[in-house]
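Here is what each chain is made of, one letter per residue.
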Amino acid sequence: MGQPVDLTYLRELTGGDKEVEGRLFELFITSCEDAIKTLEANCTDGENAAWRKQAHALKGSSVNIGANVLAGLCSKAQDLFTAPSNDKQAVLSSIKSQFQETKAFLKGIAK
Amino acid sequence: MLSTITKAVEESLVKEATALAAKRFHVQCLHFHLSKLKGDNKHNDVLSLLSIINNGMEDTEGSVYLCNDYDLFIIARTQNTSIIKKLISNLTFFYADDPIAHSTTSGEQGFYTLYNAVSDYEAFFLACNKKLIALQQAEEERKLKHTAESSQKNPMQEEFTANQASAWKNALHSRAKRMRPAMLIIEDQIFSRQLLKESLAKDYITFDAKNAMEGINLYFTNAPDIVFLDIELPDYDGYAVLQKIIANDPEAFVIMTTANNNAADVKKAVAAGARGYIVKPFTKQKVQQYIQLHRTNFKPKTE
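Small disclaimer: the values here were computed from a predicted structure and weren't measured.

How would you sum up the interface of chain B and chain A? Please name residues and give values.
Between chain B and chain A, the contact holds 19 residues from the first and 22 residues from the second. Roughly 2100 Å² of surface becomes buried between chain B and chain A when both sides are summed, with 63% attributable to carbon and sulfur atoms. Linking chain B with chain A are two salt bridges, by the criterion used here. Among the ionic pairs, R52 of chain A bridges to E232 of chain B, the shortest N-O distance being 3.0 Å. Scanning the region where chain B abuts chain A turns up seven residue pairs in polar contact (both at pLDDT 80 or more). Ranked by the residues each element gives to the side of chain B that touches chain A, the list is headed by helix α7 (residues 190-200) of chain B, at seven residues. Here the side of chain B that touches chain A is composed, by residue class, of eight nonpolar, seven polar and four charged.

Which residues make up the pattern of salt bridges, and what values do they have?
Should their charged atoms come close, side chains of opposite charge can pair. Counted under the stated rule, the structure contains 19 salt bridges over all chains. With its nearest N and O atoms 2.7 Å apart, the salt bridge here joins R11 of chain A to E21 of chain A. Taken together, the residues R11 of chain A in helix α1 (residues 8-14) and E21 of chain A in helix α2 (residues 18-41) connect sequence positions ten residues apart. D208 of chain B is the partner of K197 of chain B in a salt bridge, and the nearest nitrogen-oxygen pair spans 2.9 Å. Of the two residues, K197 of chain B is situated in helix α7 and D208 of chain B in strand β7 (residues 205-209); the sequence distance between them amounts to eleven residues. By sharing partners, the salt bridges in this structure join R11, K18 and E21 of chain A into a single network.

Explain the confidence of the model for chain B to me, and be specific about the residues and the numbers.
On average, residues of chain B score 86 in pLDDT, and 95% of them are at 70 or above. Of the two predicted TM-score estimates for the complex, the pTM is 0.63 and the ipTM is 0.95.

Analysis parameters
Residues numbered from 1 in each chain as written. Chains lettered and ligands numbered in written order. Predicted model: local features only at pLDDT ≥ 70, side-chain atom pairs only at ≥ 80, totals over all residues. Heavy atoms only, no water. Contact = heavy atoms within 4.5 Å. Buried area = accessible area lost by both parts, 1.4 Å probe. Salt bridge = Lys/Arg side-chain N within 4 Å of Asp/Glu carboxyl O. Polar contact = N/O pair within 3.5 Å; in protein donor to acceptor, adjacent residues only side chain to side chain. Helix = DSSP H or I, 4+ residues; strand = E, 2+ residues; numbered from the N terminus. Nonpolar A, V, L, I, M, F, W, Y, C, P; charged D, E, K, R; others polar. pLDDT = per-residue confidence, 0-100.

Below, the structure written as structure tokens:
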């Protein structure tokens, strides 16, 4: 199984600056944690615009850092904004699990 | 002669009705429910009525109150009931084409109510007070509606104020003189915003905004050369921001950004005046491609 994050594009943009990279990783982790809390709060039955918006935002950040598996799950979550809460809960659970893996990977690099 | 009161009517009416409690003998009170009548020309009709009333009442002392809803109240100091009956008849005749004027003779449901100031005083006072309360409620509703409309105003469609126009003029002047291109990043996601900013900060002047309004303010106070504009923003969408920018700066170089790879969005953005479109992830190649495109039009200044 491949790495949870492909940093190729990010490193091109930062020019490989480790200090900038570290700051960006921290920013990504904290913003993901906030986003997951918002998704948890909006895990309701039926249409939920806040859920869709947050899933979309998390997808944008994830794809920009190169966390493509996480981005894929967020894309699925975005599409499920009208689904029952059980379906939302299931994808959120996968997002949380994938985020933990991503976070551990980024923390490992930053050391 | 009756005096006609057409300003602060309801308040004056209640004031006189209150005073009437002390000396209400030989007073006749009439309430014409003209607000119930049809017709688009009520205002002119009522003005005509006022002269009919004054002529018909001969030398009777008293007041006529023309309320805001066109209801008329007459307080006449007379014992002569035939004058009053004649007046009712004249007014009914004036509205000969209106069925309400003929449907019932008197009372709340009809065209008029005739009160005896002694025996019907309470009812008359209530009718007067009801007008004042209705006016106050209407005023309150108008204020609430105005407040609601003000809060719904779309700042994206508003014209520049004098201060904003002056700031924009100064910004354009600075843009023409500056040596390094300036970039504005409008992106609600802090990570994506910071990533783009970090990648541009070494070579360019950078401004960044987390929502549409902040972005608009930064655009028109700094006149950046290139804008990276996210489509999904928390307050207004990126298209609204694009329209606002293009409307005031047709040469603006705006690149739309999004996490959705959607052909319809690209078409919409380009039709609205965007110079390009980046589907996330941001890559050096995608960003530089547009900076290069802009550079062909951007001539570095010499000091």
